[in-house]
2 protein chains.
Amino acid sequence: MKKYAFGVDIGGTTVKMGFFDAEGALLEKWELKTDLTDNGANILPDIAASIKAKVAETGATMEDVIGVGMGVPGPVNEDGVVLKCINLGWGVFNIEEEMSKLTGVPCKAGNDANVATLGEMYKGGGAGYDDLVMLTFGTGVGGGIIHDGKMISGVNGAAGEIGHMPMNPMETEPCNCGNCGCLEQYASATGLANVTKRILAAFDVNTSLRYYEPLTAKEIFDAYKEGDPLAKSMVEDWGSMVGKACATIGIVVNPDVFVLGGGMSKAGQVMIDVVEKYYNQYVFHAARGTKFVLATLGNDAGIYGGVKLALDAAKDICTC
Amino acid sequence: MKKYAFGVDIGGTTVKMGFFDAEGALLEKWELKTDLTDNGANILPDIAASIKAKVAETGATMEDVIGVGMGVPGPVNEDGVVLKCINLGWGVFNIEEEMSKLTGVPCKAGNDANVATLGEMYKGGGAGYDDLVMLTFGTGVGGGIIHDGKMISGVNGAAGEIGHMPMNPMETEPCNCGNCGCLEQYASATGLANVTKRILAAFDVNTSLRYYEPLTAKEIFDAYKEGDPLAKSMVEDWGSMVGKACATIGIVVNPDVFVLGGGMSKAGQVMIDVVEKYYNQYVFHAARGTKFVLATLGNDAGIYGGVKLALDAAKDICTC
């Protein structure tokens, strides 16, 4: 009886490692520094070595390991092929096969935002549902789509790239992706602060937001709670845009629940309330009333999603 | 060995019936008049009687029937529960259980647009793919989402309701659904004709489109092919809106292929070309190059999708 599994979240600065039992309980977590030298050629060997060391440390062997599931900061298609990972220096290759060779156990991988969404379904804010959509609000807007308990990765690994939903055809400033008018230009923590700064520069409005340097999404949500009129207007506009994006997703996959996460979700229930209000205003009547909840796993969502991938893959092997 | 299966497409005027062999080859098709009396209480019994008569006619028995799959003109959730069908007078009930009781064989059901999408995947324009999205352009805009070879129905049966994607926050005229600014207000055949009529009434532009009464989407596409400048502008705007909607769907589920159907798709390849052009302009770079094809089954898509539902359900039963 195999006893252990690993969930791994590969980022541009650190790799988050999670060591789990066969029921998905977290036994231990730690971090590795991401080695970006040599086009990231050492990243997978470093992870494999760390996995083997942890297993040896417990007195077990790799025979006791069910598998490894990984989140990767770039597109990964349904077959486990990484389609370039600019942050890490990676090109196109099958990461599942590569990691299986290095560890000797089955490996599964997905885009990091998709894997984090799976984590929130497994042990986080979306627990109890198997059709859910997560949106994360940080430097950008990330997302993931889960249908019937499984990630939708997409033919190009681009499913769940909700931050790049086209929202504003009039925008002239480019998004990081090269297009203009993407959701994340307005709705990410960075985007909300940028849009607010534009307003502050253009209008002589009386607001507490003038006195923050740097001004971030946190201050805007705090001022909203204090009743500041500009903050109120900014948060309402933000909620309207995110609510509209969710209404659009609502008539594509019509999930059980939307999970809102990322650094900005520390704002708490107000964030849910304002998005839910506009969602119900914009969405097709049959899809009204969808639940909205906050993500609860924070930076651990990726390792939980990773281990869920590994455990599900083991279950999918027919033993009839 | 069971030899037959049925695909049924229930509409507000007629019920399309398809009698298939176990490999999904169409043996015979016919229509029933939809009996709307008594809140549609006779519709399912009429279908069941017609199925039994067809089976008896071949000298077979219901023991030879694998199952029945049905498309319904309203939302049907993942469990086969119809969530009201206003056109038919139906309330909320489990249509799969009801039809199984009437026929004595397994029955599956889905929303008609979703089932038609499954049909196009099975034997139509989307054959060979198992992640596809269909949009149909007729009186309204319908749609369906297939992931991993199966329909996504959604918690409220509202998945694939692409016609109600919120597109224009400035619209003051209501859509049939009660919201304002839905995709189908502009992009359906009716919508395209309406928007064109608005322009003809407001501007003194020189165009052959003035001489049609009634003016329909067909004339607009025909005039586009002839080089009429207003028709060119209208079709480009239409393509831009549909391309943008597909770009949005592209970053949610990132399918292998988009299938365009409905009466308007008789316009042919020009419709594909104009949508594809704007899709690639709007979509996140990783999802560029997705295939666009025309639907090929026309009004038979629903019966093909129905039989696919029935055959898949039979395969899903574990016989280990």
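Residues numbered from 1 in each chain as written. Chains lettered and ligands numbered in written order. Predicted model: local features only at pLDDT ≥ 70, side-chain atom pairs only at ≥ 80, totals over all residues. Heavy atoms only, no water.

1. Focus: the relation of the copies chain B and chain A
Here is step 1: Once chain B has been moved 0.0 Å along the axis and rotated by 180 degrees, it coincides with chain A to within an RMSD of 0.0 Å. Classification of the inter-copy transformation places it as that of a two-fold axis.
Here is step 2: In this assembly, 100% of the residues forming the interface of chain B have copies in chain A that are likewise at the interface, indicating an isologous arrangement. (Least-squares fit on C-alpha atoms with pLDDT ≥ 70 in both. Contact = heavy atoms within 4.5 Å.)

2. Focus: the interface of chain B and chain A
Here is step 1: Across the contact, 42 residues belong to chain B and 42 residues belong to chain A.
Here is step 2: Counting each side, the surface lost to burial between chain B and chain A is near 3,300 Å², with a carbon and sulfur contribution of 63%.
Here is step 3: Area buried by chain B at its contact with chain A is led by B:Ile251, B:Val252 and B:Phe284, which between them contribute 18% of it.
Here is step 4: Applying the counting criterion to the chain B and chain A interface returns zero salt bridges. (Buried area = accessible area lost by both parts, 1.4 Å probe. Salt bridge = Lys/Arg side-chain N within 4 Å of Asp/Glu carboxyl O.)

3. A short note on the nonpolar core
Here is step 1: The biggest cluster of nonpolar side chains holds 109 residues, and the ones touching the most others in it are A:Phe137, A:Trp238, B:Phe137 and B:Trp238.
Here is step 2: With near-sequence residues (within four places) excluded, A:Phe137 lies in contact with A:Ala187, A:Trp238, A:Val242, A:Leu260, A:Gly261, A:Gly262, A:Gly263, A:Met264 and A:Met271. (Core = buried A, V, L, I, M, F, W, Y, C linked by side-chain atoms within 4.5 Å. Buried < 20%, exposed > 50% of the residue type's maximum accessible area, 1.4 Å probe, protein only.)

4. Some points on the sheet that holds strand S9 (residues 141–147) of chain A
Residues and elements named next belong to chain A.
Here is step 1: As summarised here, the arrangement of the five strands in space is S10-S9-S8-S11-S12, forming an open sheet in which the pairing is mixed. In this open sheet, the two strands that pair with only one neighbour each are strand S10 (150–151) and strand S12 (291–294).
Here is step 2: Inspection of the sheet shows strand S11 (residues 257–261) paired to S12 by four bridges, in the parallel sense. Note on S12: the bridge partner recorded for Phe258 is Phe292.
Here is step 3: Together, strand S8 (132–137), S9, S10 and S11 form the strand contacts of helix H4 (residues 112–123), whose direction differs from that of S9 by roughly 60 degrees.
Here is step 4: Docked against the sheet, helix H9 (residues 269–282) engages S8, S11 and S12, running at close to 160 degrees with respect to S12. (Pairing = 2+ DSSP bridges. Helix = DSSP H or I, 4+ residues; strand = E, 2+ residues; numbered from the N terminus. Axes fitted to C-alpha atoms, helices over the stretch in contact; angles between N-to-C directions.)

5. Description of the sheet that holds strand S3 (residues 26–33) of chain A
Adjacent strands of a sheet form backbone hydrogen bonds with each other and so pair up, either parallel or antiparallel.
Residue and element names in this part refer to chain A.
Here is step 1: One open sheet holds the five strands; their spatial order is S3-S2-S1-S4-S7, and the pairing between them is mixed. Each end of this open sheet is capped by a strand with a single partner; those strands are S3 and strand S7 (107–111). Going from strand to strand, the sheet's axes swing by 15 degrees on average, the running direction of each strand aside.
Here is step 2: Sheet topology note: the strand S4 (residues 65–72)/S7 ladder contains five bridges and is parallel. For Gly71, the partnering residue across the bridge sits in S7 and is Gly110.

6. Topic: unusual backbone geometry
Here is step 1: Between A:Glu213 and the following residue, A:Pro214, the backbone shows a cis peptide bond with an omega angle of 0 degrees.
Here is step 2: For A:Pro214, the position within the fold is in the loop between helix H6 (189–202) and helix H7 (217–225).
Here is step 3: Unlike most non-glycine residues, B:Asp38 shows phi in positive territory, near 55 degrees.
Here is step 4: By the secondary structure assignment, B:Asp38 is in helix H1 (residues 37–40).
Here is step 5: Despite not being glycine, B:Lys84 has its phi angle at roughly 75 degrees, a positive value.
Here is step 6: Among the structural elements, B:Lys84 can be located in strand S5 (residues 81–85).
Here is step 7: We classify B:Lys84 as exposed; its relative accessible area is 52%.

7. Things to note about empty space enclosed by the protein
Here is step 1: All told, the structure shown has three cavities of 30 Å³ or more when counted by the stated rule.
Here is step 2: Looking at the largest cavity, its volume works out to about 120 Å³.
Here is step 3: Lining the largest cavity, in full, are A:Met165, A:Pro166, A:Met167, A:Lys244, A:Thr248, B:Met165, B:Pro166, B:Met167, B:Lys244, B:Ala245 and B:Thr248.
Here is step 4: Secondary structure elements with two or more residues in the lining of the largest cavity: helix H8 (229–250) of chain A together with helix H8 (229–250) of chain B.
Here is step 5: Ranked by the residues each element gives to the lining of the largest cavity, the list is headed by H8(B), at three residues.
Here is step 6: Looking at the lining of the largest cavity, its residues break down into seven nonpolar, two polar and two charged. (1 Å grid on protein atoms, 1.4 Å probe; cavity = no way out; pocket = protein on both sides within 12 Å on 5 of 7 lines; lining within 4 Å. Points joined across faces, edges and corners; volume = space filled by probe spheres on them. Nonpolar A, V, L, I, M, F, W, Y, C, P; charged D, E, K, R; others polar.)

8. Here we look at the pairing of S3(A)
Here is step 1: Bridge count for strand S2 (residues 14–21) of chain A against S3(A) is seven bridges, and the pairing is antiparallel. Bridge pairing links A:Phe19 to A:Glu28 in S3(A).

9. A look at the domain arrangement of chain A
All names here are of chain A.
Here is step 1: For chain A, the assigned domains read domain 1 (4–118 + 299–316) and domain 2 (129–296).
Here is step 2: Computed over C-alpha atoms only, the centres of domain 1 and domain 2 are separated by 29 Å.
Here is step 3: Taken residue by residue, the interface counts 17 residues in domain 1 and 17 residues in domain 2.
Here is step 4: When domain 1 packs against domain 2, the two sides together hide about 1,200 Å² of surface, and 56% of this comes from carbon and sulfur.
Here is step 5: Area buried by domain 1 at its contact with domain 2 is led by Glu78, Asn114 and Thr117, which between them contribute 46% of it.
Here is step 6: For the pair domain 1 and domain 2, the number of links is zero salt bridges.
Here is step 7: Our count for the contact surface shared by domain 1 and domain 2 stands at two residue pairs in polar contact (both at pLDDT 80 or more).
Here is step 8: At six residues, H4 tops the list of elements feeding residues into the side of domain 1 that touches domain 2. (Domains from an automatic or database assignment. Polar contact = N/O pair within 3.5 Å; in protein donor to acceptor, adjacent residues only side chain to side chain.)

10. Side note on the packing of helix H6 (residues 189–202) of chain B against H8(B)
Residues and elements named next belong to chain B.
Here is step 1: Orientation of H6 relative to H8, taken along the N-to-C sense of each, is 135 degrees, at an axis distance of 11 Å. Comparing the axis directions of H6 and H8 gives the class oblique. Remark: the crossing between H6 and H8 carries right-handed chirality. Residue-level contacts link Leu192, Val195, Thr196, Ile199 and Leu200 of H6 to Leu230, Met234 and Trp238 of H8. (Parallel < 35°, antiparallel > 145°, perpendicular 65-115°, else oblique. Left-handed = near helix turned anticlockwise from the far one by under 90°.)

11. Quick notes on the environment of A:Glu28
Residue and element names in this part refer to chain A.
Here is step 1: Inspection of the secondary structure assignment puts Glu28 in strand S3.
Here is step 2: On the basis of relative accessible area, Glu28 is assigned to the partly exposed category, the value being 34%.
Here is step 3: Glu28 sits 20 residues away from Val8 along the chain, and the two C-alpha atoms are 12 Å apart.
Here is step 4: Among residues more than four places away in sequence, those in contact with Glu28 are Met17, Gly18, Phe19, Lys54 and Glu57.

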